[in-house]
Amino acid sequence: MAEPPTGTSAQRAQAHGRHANLCRYHDGAEVDGYVDDPYHRVRRAVAAGLMAEGVTRRGPVLELGCGPRGMLDPAALPGPVVLADMAETALRTARAAAGGRALPVRLDATRGLPFRAGSFAGLLAGELIEHVYDPLALLRECHRVLVPDGLLVLTTPNLAPVQDRLAFLAGRAPRQVDPLHPYLWLHIRPFTASLLRRTLRRAGFTPVALRSNEVGWRLPGGRWVASRRLARAAPGLGGSLICAARRHGVPPPPHNRV
């Protein structure tokens, strides 16, 4: 399996994506506009629940790409919460929303995480991995900063929800790869459930749970219908992928095998 190239061209691609994302999300208004929508409210609650239930050690928990409102409730966790984001304005808002019970850290996740190995008992990254040029490098950094058996929880839009699977058979592109969409064009690394699991394993993680928020369908008249029960039964068909994984072993070294 060939891995993303390194060198000047890769650095330029990372820089371009970094600038585009910062322009879109610098003040948190984009995220703040949708987190109360039921679709995202369920996604965030499921992810936070997996973290609260799955952290087995006392120690800090890191939320990467927290935006203006983090998903984690510090009172539900055995250790302190660290909120991290590239956008300083959004980070200040997130700290205020947490009532001062979380430590804010401004960082760029594409440049490596400025923490010592084994610093965190848990790490949550919501709607982040699809925005980065080299998700494998990001996951390896997550692996490094987690304690052994530490918990990683990721959420990312599903490239293959049920409606898009049928649309693809009719020759229509999945929604997540629409370059004309106002913000989905920033989703440069879309995932299916199987690809997400495979990438996590390549980075040294063992997936332990896969969830989704809802399986939805837009009717011809425009009405949106959704099922939480179906999402629990078949999360790979849902709109969001919510995956929990354990840090086990040492990830294999990067290589470029065709």
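Everything quoted here is computed from the prediction, not taken from an experiment.

Cut-offs applied
- Residues take numbers from 1 onward in each chain, read along the sequence in its written order.
- Local features in a predicted model are, by the rule used here, given only for residues with pLDDT of at least 70; side-chain atom pairs are given and counted only at 80 or more, and totals for whole chains, interfaces and linings are based on all residues.
- Side-chain descriptors were evaluated using all non-hydrogen atoms of the structure, hydrogens and water having been removed beforehand.
- Only DSSP runs of H or I covering at least 4 residues are called helices, and only runs of E covering at least 2 are called strands; the numbering of each starts at the N terminus.
- The rule is simple: take the accessible area with a 1.4 Å probe, protein chains only, and divide by the maximum for that residue type; under 20% is buried, over 50% is exposed, in between is partly exposed.
- It only takes one pair of heavy atoms within 4.5 Å for two residues to be counted as in contact.
- Salt bridges are counted wherever a side-chain nitrogen of Lys or Arg sits within 4 Å of a carboxyl oxygen of Asp or Glu.
- In short, DSSP must find at least two bridges between two strands for them to pair.

### Describing the side chain of Ser240
Mapped onto the fold, Ser240 is located in strand E9 (residues 240–247). Here Ser240 falls in the buried class, since its relative accessible area comes to 1%. Ignoring any residue separated from it by four or fewer positions in sequence, one finds Ser240 in contact with Tyr39, Arg43, Thr156, Pro157, Asn158, Arg211, Ser212 and Asn213.

### Quick look at the pattern of salt bridges
Enumeration over the complete set of coordinates arrives at six salt bridges. Across the pair Glu88 and Arg92 runs a salt bridge whose closest N-O atoms are separated by 3.7 Å. Taken together, the positions of Glu88 and Arg92, both in helix H4 (residues 88–97) and four residues apart, correspond to about one turn of that helix. In this structure Glu88 comes out as partly exposed when scored by relative accessible area, which is 45%. Asp108 is the salt-bridge partner of Arg111, the closest N and O atoms lying 3.1 Å from each other. Taking relative accessible area as the criterion, Asp108 reaches 13% and is therefore assigned buried.

### As for the pairing of strand E8 (residues 224–227)
Relative to E8, strand E7 (residues 215–218) is paired through four bridges, and the arrangement is antiparallel. Bridged to Val215 within E8 is Ser227. The hairpin formed by E7 and E8 contains five residues between the paired strands, and Gly222 there has a positive phi angle of roughly 100 degrees.

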